[in-house]
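Each chain, letter by letter, is given below.
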Amino acid sequence: SHIMSEYVRMTDTERDQIDQDAQIFMRTCADAIHQLRTEAHKGVQSAQVKEHRTVVLDFIEDYLKRVCKLYSEQRAIRVKRVIDKKRL
């Protein structure tokens, strides 16, 4: 608690803004991946290049999903804490 007292805590408004910005960013990333996926095979004739691009986009999409899951878990913890505080 001594360490925490040295830092200014974020307000709920700041947290809400970060949540909103994070959701917009995650949606933008998902849209960009979708767009890349639709354009990845245009003009490519090599099966190996097509497969490589597909695998790379799958990895990127999987990474984004894992980040979104972590974000959701952290947000759920925050919401639970707010609810618990209101109950007290």
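If you're wondering where the values come from, they're calculated on a predicted model, not measured in any experiment. (Residues numbered from 1 in each chain as written. Predicted model: local features only at pLDDT ≥ 70, side-chain atom pairs only at ≥ 80, totals over all residues. Heavy atoms only, no water.)

*Asks:* When you look at the packing of helix 2 (residues 12–39) against helix 3 (residues 47–87) in this model, what are you seeing that I'm missing?
*Replies:* If you want to describe how two helices pack, look at the angle between their axes and the distance between the axes. In the contact formed by helix 2 and helix 3, the axes pass within 11 Å of each other and the chain directions differ by 160 degrees. Classified by the angle between their axes, helix 2 and helix 3 sit roughly antiparallel to one another. Considering the relative orientation of helix 2 and helix 3, their crossing is left-handed. Touching D12, R15, D16, D19, A22, Q23, M26, C29, A30, I33, L36 and R37 of helix 2 are T54, L57, D58, I60, E61, L64, C68, Y71, R75 and R78, all from helix 3. (Axes fitted to C-alpha atoms, helices over the stretch in contact; angles between N-to-C directions. Helix = DSSP H or I, 4+ residues; strand = E, 2+ residues; numbered from the N terminus. Parallel < 35°, antiparallel > 145°, perpendicular 65-115°, else oblique. Left-handed = near helix turned anticlockwise from the far one by under 90°. Contact = heavy atoms within 4.5 Å.)

*Asks:* Any chance you could explain the pattern of salt bridges here in plain terms?
*Replies:* Side chains that differ in charge, positive against negative, can pair when their charged atoms come close. By the definition in use, this model includes 8 salt bridges. For D19, the salt bridge goes to R75, with nearest N and O atoms at 3.5 Å. Taken together, the residues span a long stretch of sequence, with D19 in helix 2 and R75 in helix 3 at a distance of 56 residues. On the basis of relative accessibility, which here comes to 10%, the residue D19 falls in the buried class. As a salt-bridge pair, R37 and D58 come within 3.0 Å of each other at their nearest N and O atoms. Separated by 21 residues along the polypeptide, R37 in helix 2 and D58 in helix 3 bring together distant segments of the chain. (Salt bridge = Lys/Arg side-chain N within 4 Å of Asp/Glu carboxyl O. Buried < 20%, exposed > 50% of the residue type's maximum accessible area, 1.4 Å probe, protein only.)

*Asks:* Can you walk me through helix 2 in this structure?
*Replies:* Residues spaced three or four apart along an α-helix face the same direction, because each turn holds 3.6 residues. For helix 2, built from 28 residues, the straight-helix expectation of 40 Å at 1.5 Å per residue is met to within 8% by its first-to-last C-alpha distance of 40 Å. Taken as a whole, helix 2 has its buried residues at D19, M26 and I33. (Expected span 1.5 Å × (residues − 1).)

*Asks:* Looking at this structure, how should I read helix 3?
*Replies:* With 41 residues, helix 3 extends 59 Å between its outermost C-alpha atoms, agreeing within 8% with the 60 Å of an ideal straight helix rising 1.5 Å per residue. Here the buried face of helix 3 lies against helix 2. Looking at where helix 3 begins, the residue whose side-chain oxygen comes 3.3 Å from the main-chain nitrogen of Q48 is S46. (Polar contact = N/O pair within 3.5 Å; in protein donor to acceptor, adjacent residues only side chain to side chain.)

*Asks:* Looking at this structure, I do not really get the state of the cysteines. What am I missing?
*Replies:* Two cysteines whose sulfur atoms are joined by a covalent bond form what is called a disulfide. Across all of its chains, the model carries 0 disulfides by this definition. Distance from the sulfur of C29, which forms no disulfide, to the nearest cysteine sulfur (C68) is 8.1 Å. Overall, the relative accessible area of 21% leaves C29 in the partly exposed class. Residue classification places C68 among the partly exposed positions, given a relative accessible area of 24%. (Disulfide = S-S within 2.5 Å.)

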